[in-house]
2 protein chains.
Amino acid sequence: MHQPDHLKNAGLKSTLPRLKVLDLFENSEERHLSAEDVYKQLLTSGEDVGLATVYRVLTQFEQAGLLVRHHFEGGKSVFELKQGEHHDHIVCMQCGHVEEFYDAAIETRQEKVATELGFAIRDHSLHIYADCTRKKCPHRR
Amino acid sequence: MHQPDHLKNAGLKSTLPRLKVLDLFENSEERHLSAEDVYKQLLTSGEDVGLATVYRVLTQFEQAGLLVRHHFEGGKSVFELKQGEHHDHIVCMQCGHVEEFYDAAIETRQEKVATELGFAIRDHSLHIYADCTRKKCPHRR
DNA sequence: ATGCAAATGATAATCGTTCTTATTTGCGTT
DNA sequence: AACGCAAATAAGAACGATTATCATTTGCAT
Ligand SMILES: [Mn+2]
Ligand SMILES: [Mn+2]
Ligand SMILES: [Zn+2]
Ligand SMILES: [Zn+2]
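No experiment lies behind these values; they were computed from the predicted model shown.

Procedures and definitions
- Residues numbered from 1 in each chain as written.
- Chains lettered and ligands numbered in written order.
- Predicted model: local features only at pLDDT ≥ 70, side-chain atom pairs only at ≥ 80, totals over all residues.
- Heavy atoms only, no water.
- Near = heavy atom within 4 Å.
- Polar contact = N/O pair within 3.5 Å; in protein donor to acceptor, adjacent residues only side chain to side chain.
- Helix = DSSP H or I, 4+ residues; strand = E, 2+ residues; numbered from the N terminus.
- Donors = N, O, S within 2.8 Å, 3.2 Å for Na, K, Ca; no water.
- Tetrahedral: all angles 85-135°; square planar, octahedral: opposite > 155°, others 65-115°.
- Pairing = 2+ DSSP bridges.
- Contact = heavy atoms within 4.5 Å.
- Axes fitted to C-alpha atoms, helices over the stretch in contact; angles between N-to-C directions.
- Buried < 20%, exposed > 50% of the residue type's maximum accessible area, 1.4 Å probe, protein only.
- 1 Å grid on protein atoms, 1.4 Å probe; cavity = no way out; pocket = protein on both sides within 12 Å on 5 of 7 lines; lining within 4 Å.
- Points joined across faces, edges and corners; volume = space filled by probe spheres on them.
- Nonpolar A, V, L, I, M, F, W, Y, C, P; charged D, E, K, R; others polar.
- Least-squares fit on C-alpha atoms with pLDDT ≥ 70 in both.
- Domains from an automatic or database assignment.
- Buried area = accessible area lost by both parts, 1.4 Å probe.
- Salt bridge = Lys/Arg side-chain N within 4 Å of Asp/Glu carboxyl O.

J.: Looking at this structure, how should I read the protein's contact with DNA strand D?
T.: Taken together, 17 residues form the shell around DNA strand D, and within it Thr15(A), Thr53(A), Arg56(A), Tyr55(B) and Ser77(B) come nearest. Backbone sugar and phosphate groups make up 68% of those atoms of DNA strand D lying within 4 Å of the protein. A distance of 3.5 Å separates a phosphate oxygen of DNA strand D from a polar atom in the backbone of Asp48(A). For DNA strand D, a phosphate oxygen lies 3.4 Å from a polar atom in the backbone of Ser14(B). A per-element tally of the surface near DNA strand D places helix 4 (residues 51-63) of chain A first, with three residues.

If you want it as structure tokens, here you go:
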């Protein structure tokens, strides 16, 4: 889906570290990755990229519109491939599993609320923290 | 409204630093304060409390249910007095002004979404980032 | 007033992230 | 294919927010 020239189109030279990071997001099991996640996964697969470079590249990709950054609880930034449609997140407090959802009613209510209060929305984040029911989840009874 | 014995009820000794911090939240102009905010305001009013103590006390108050902690963008934690009713926040990206709101429709939709996805909600945060229209706001045209 | 567990405050340590700078690389041009 | 150079990288220092350590102080039950 993404090609080396996606980088050029974004005004970024197609360098080895950038291609590796992009590749990781395209082929990783987990959609939502922190800088540390990216760094460690690259190390594990033998690719060695400096941690500073990972941070720099993630920020550049965010600015270029290739990635979206989220601030879930826990302090660290998490990134995912930007693939058009906006969505919100529900995070399992037991296993960290992240599920995505979109609810049109919520989105419109937000607009309404903001307008009534005299605000013009630029962005928003809705994070639901919950317990999931996946077999893998350590919380399962 | 809060008395020294609110602390005792929460299982916390009523010490000087704790009383000062609680007092600040009760009498401060701004409802939503960071640790740094609290520390500086105490210094300004002549009270001297160590920064470490401020952090410690804020966390204890959160655990005791006296304060609620929020993670707005910008990295630092922000606290406010817990006064019963849950609400969400809309933050001005220009002046930092925080407005509170509650929308029943949004709350119920969240429950619905979570249930459908097989999650049991424990908590959530909805932060709307926007431009406000207050006279004080530097963004005003 | 006394004793002691609990709390404080100064400072060191930690964590995620950004900055600095010497070295390397991508890539358009010979 | 070799050059030249701006742009990018890597290693480590620096940073800002927060937490941990530990010697000293304080609240409070006796
Ligand atoms: Mn997502
Ligand atoms: Mn609030
Ligand atoms: Zn789970
Ligand atoms: Zn404003």
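J.: How should I be thinking about the coordination of the zinc ion (ligand 4) in this particular structure?
T.: Around a metal, the idealised angle for a tetrahedral arrangement of four donor atoms is 109.5 degrees; for an octahedral arrangement of six donor atoms it is 90 or 180 degrees. Residues and elements named next belong to chain B. The coordination sphere of the zinc ion (ligand 4) contains the protein donors Cys-92 (SG), Cys-95 (SG), Cys-132 (SG) and Cys-137 (SG), at a distance range of 2.2 to 2.3 Å. Coordination at the zinc ion (ligand 4) is tetrahedral: its four donor atoms span angles of 106 to 115° at the metal. Each donor residue of the zinc ion (ligand 4) lies on one chain, and together they are spaced C-x2-C-x36-C-x4-C. Placement of Cys-95 in the loop between strand 4 (88-92) and strand 5 (98-101) and of Cys-132 in the segment after strand 6 (120-131) is noted, with a sequence separation of 37 residues between them.

J.: Just checking my understanding: could you explain the protein's contact with DNA strand C for this structure?
T.: Inspection of the region around DNA strand C gives 16 residues, with Tyr55(A), Ser77(A), Thr15(B), Thr53(B) and Arg56(B) positioned closest. Near the protein, within 4 Å, the atoms of DNA strand C are sugar or phosphate in 73% of cases. Between DNA strand C and Lys76(A) there is a distance of 3.5 Å, counted from a phosphate oxygen to a side-chain nitrogen or oxygen. The separation between a phosphate oxygen of DNA strand C and a polar side-chain atom of Arg18(B) is 3.3 Å. For the surface near DNA strand C, the elements supplying multiple residues, two or more each, are helix 4 of chain A together with helix 2 (16-27) and helix 4 (51-63) of chain B.

J.: It is not clear to me how the sheet that holds strand 2 (residues 67-71) of chain A should be interpreted in this structure. Could you clarify?
T.: Across a sheet, strands are paired by hydrogen bonds formed along the backbone, either parallel or antiparallel in direction. All names here are of chain A. The strand order 1-3-2 describes an open sheet built from three strands, whose pairing is antiparallel. Whereas interior strands pair on both sides, the edge strands pair on one side only; in this sheet they are strand 1 (33-34) and strand 2. The sheet contacts of helix 2 (residues 16-27) involve strand 1, strand 2 and strand 3 (77-81), and relative to strand 3 the element is tilted by about 75°. Packing of helix 4 onto the sheet brings it into contact with strand 2 and strand 3, and relative to strand 2 it is tilted by some 110°.

J.: When you look at the coordination of the manganese ion (ligand 1) in this model, what are you seeing that I'm missing?
T.: Residue and element names in this part refer to chain A. The protein atoms that coordinate the manganese ion (ligand 1) are His-32 (NE2), Glu-80 (OE), Glu-80 (OE), His-87 (NE2), His-89 (NE2) and Glu-100 (OE), at distances of 2.1 to 2.4 Å. Coordination at the manganese ion (ligand 1) is irregular: its six donor atoms span angles of 56 to 168° at the metal. Look at where the donors of the manganese ion (ligand 1) fall in the sequence and you get H-x47-E-x6-H-x1-H-x10-E. Accessibility expressed as a relative area gives 1% for His-89, which makes it buried.

J.: I would appreciate a short explanation of the side chain of His32(A) in the present structure.
T.: Residue and element names in this part refer to chain A. Within the secondary structure, His-32 sits in the loop between helix 2 and strand 1. Among the polar contacts listed, one links the side chain of His-32 to the side chain of His-89, at a separation of 3.2 Å. In this structure, His-32 is in contact with Asp-37, His-70, Val-78, Phe-79, Glu-80, His-87, His-89, Val-98 and Glu-100, ignoring residues within four places of it in sequence.

J.: Any chance you could explain the layout of surface pockets here in plain terms?
T.: One water molecule sets the probe size; rolling that probe over the atoms shows where empty space is left. Roughly 1,000 Å³ of internal volume is contained in the largest pocket. Contributing to the lining of the largest pocket are 50 residues, with Ser125(A), His127(A), Ser125(B), Leu126(B) and His127(B) lying nearest its centre. Counting only elements with at least two residues in the lining of the largest pocket, the list comes to strand 2, strand 3, strand 4 (88-92) and strand 6 (120-131) of chain A together with strand 2 (67-71), strand 3 (77-81), strand 4 and strand 6 of chain B. In the lining of the largest pocket, the residues fall into 11 nonpolar, 21 polar and 18 charged.

J.: How should I be thinking about the relation of the copies chain A and chain B in this particular structure?
T.: The operation relating the two chain copies consists of a rotation about an axis and a shift along that axis. Here chain A sits on chain B after a turn of 179° about the axis and a move of 0.0 Å along it, with an RMSD of 0.2 Å. Put plainly, the chains are arranged around a two-fold axis. Within chain A, the C-alpha atom positioned nearest to the axis of rotation is that of Leu126(A), 2.2 Å from it. A high fraction, 100%, of the interface residues of chain A reappear at the interface in chain B, so the copies pair face to face through one surface.

J.: Just checking my understanding: could you explain the domain arrangement of chain A for this structure?
T.: It is common to report an interface's size as the accessible area lost on association of the parts. Residue and element names in this part refer to chain A. Annotation of chain A at the domain level lists domain 1 (4-81) and domain 2 (88-130). The straight-line distance from the C-alpha centre of domain 1 to that of domain 2 is 24 Å. On the domain 2 side, the residues contacting the seven residues of domain 1 number six residues. Approximately 600 Å² of surface area, both sides summed, lies buried where domain 1 meets domain 2, with 58% of it carried by carbon and sulfur atoms.

J.: Please explain the interface of chain A and chain B as it appears in this structure.
T.: Counting residues at the interface gives 34 residues for chain A, matched by 34 residues for chain B. Buried area between chain A and chain B, both sides added, is near 2,900 Å², and the carbon and sulfur share of it is 64%. In this assembly, chain A and chain B are joined by four salt bridges. Across the pair Arg109(B) and Asp103(A) runs a salt bridge, and its minimum N-O distance is 2.7 Å. Top element by residues in the side of chain A that touches chain B is strand 6 of chain A. It accounts for 12 residues. Of the residues that constitute the side of chain A that touches chain B, the class distribution is 17 nonpolar, nine polar and eight charged. One ladder, built from 11 bridges, connects strand 6 of chain A with strand 6 of chain B; its direction is antiparallel. Note on strand 6 of chain B: the bridge partner recorded for Ile121(A) is Ala130(B).

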